[in-house]
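# Structure assessment
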Amino acid sequence: MTEPAMETVDGFGITAERQFADLWSRSVLTVKERRLLLLGLLVGQGLHDMTDVQLDVALRAGELSEAELREVAVFLTHYAGWARGAQLNDQVESLIERVRRARSDRAGPGG
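Residues numbered from 1 in each chain as written. Predicted model: local features only at pLDDT ≥ 70, side-chain atom pairs only at ≥ 80, totals over all residues. Heavy atoms only, no water.

### Brief notes about the pattern of salt bridges
Side chains that carry opposite charge are capable of pairing whenever their charged atoms lie near each other. The tally for this structure, following the rule as stated, stands at six salt bridges. A salt bridge links E68 to K32; the nearest nitrogen and oxygen atoms lie 2.5 Å apart. With E68 in helix α5 (residues 66-80) and K32 in helix α3 (residues 31-44), this residue pair connects regions lying 36 residues apart in the sequence. Since its relative accessible area comes to 28%, E68 is described here as partly exposed. A salt bridge links E93 to R70; its shortest N-O distance comes to 2.6 Å. Of this pair, E93 sits in helix α6 (residues 82-107) while R70 sits in helix α5, and the two are 23 residues apart along the sequence. Taking relative accessible area as the criterion, E93 reaches 30% and is therefore assigned partly exposed. (Salt bridge = Lys/Arg side-chain N within 4 Å of Asp/Glu carboxyl O. Helix = DSSP H or I, 4+ residues; strand = E, 2+ residues; numbered from the N terminus. Buried < 20%, exposed > 50% of the residue type's maximum accessible area, 1.4 Å probe, protein only.)

### Looking at the nonpolar core
Side chains of nonpolar character tend, in soluble globular proteins, to be buried together. Among the nonpolar cores identified, the biggest contains 15 residues, and L55, L59, L69, L88, V92 and L95 are the most heavily contacted of them. At the level of elements, α3, α4 (48-60), α5 and α6 are the ones that each hand at least two residues to this core. A total of five residues in this core trace back to one element, the largest contributor, which is α6. Once residues within four sequence positions are removed from consideration, L55 is found in contact with L39, L69, L88, Q91, V92 and L95. (Core = buried A, V, L, I, M, F, W, Y, C linked by side-chain atoms within 4.5 Å. Contact = heavy atoms within 4.5 Å.)

### A look at α4
Under the 1.5 Å per step criterion, the end-to-end length of α4 is 18 Å for 13 residues, consistent within 8% with the ideal 18 Å. Inspection of α4 places T51, Q54, L55, A58 and L59 among the buried residues, and these make up the whole buried set. Along α4, the residues classed as buried sweep out an arc of 130° about the axis, all on the same side. Elements that come into contact with the buried residues of α4 comprise α3, α5 and α6. Taken from the residues just after α4, G62 is the one with a positive phi, measuring 75°. (Expected span 1.5 Å × (residues − 1). Arc of directions from axis to C-beta.)

### Concerning the environment of L29
The topology assignment puts L29 in the loop between α2 (12-25) and α3. With residues up to four places along the chain from it excluded, the contact list for L29 reads R34 and L37.

### Thoughts on the environment of D90
Examined against the element boundaries, D90 turns out to sit in helix α6. Among the residues examined, D90 registers a relative accessible area of 48% and is labelled partly exposed. The spatial distance from the C-alpha of D90 to the C-alpha of A73 is 9.1 Å, given a sequence separation of 17 residues.

### Quick word on the packing of aromatic side chains
Scanning the entire structure with this criterion turns up one aromatic pair. Measuring from centroid to centroid gives 5.0 Å for F75 and Y79, while their planes differ by 35°, and the two rings are tilted. Of the two residues, F75 and Y79 both sit in helix α5, four residues apart, roughly one turn of that helix. (Phe/Tyr/Trp six-rings, centres within 6.5 Å; stacked < 30°, edge-to-face > 60°.)

Any functional reading would require information that these geometric values do not contain.
This is the structure we're talking about:
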């Protein structure tokens, strides 16, 4: 089966995956810069569920540190509004706690 015919089998899935992979692998902006832009967009639009996903990826992949995520929350509070900033801050702090707990659970009793 040719490649274009394969796309019709999965339809949107393969095409979307390729487009996102291409978009995230372009060389002008770093992945970190792209993640920051996306977070700003999601917070500004109040898309909290999608923000949670992007925060999680950014922290677990090492793209953004805990301190950087906290700074993003401070910064975006002033531009996206207090309510969205407070929501973002809650999301960041909850994520940091979950990740720290998961890391300490994996470390086991001996540390």
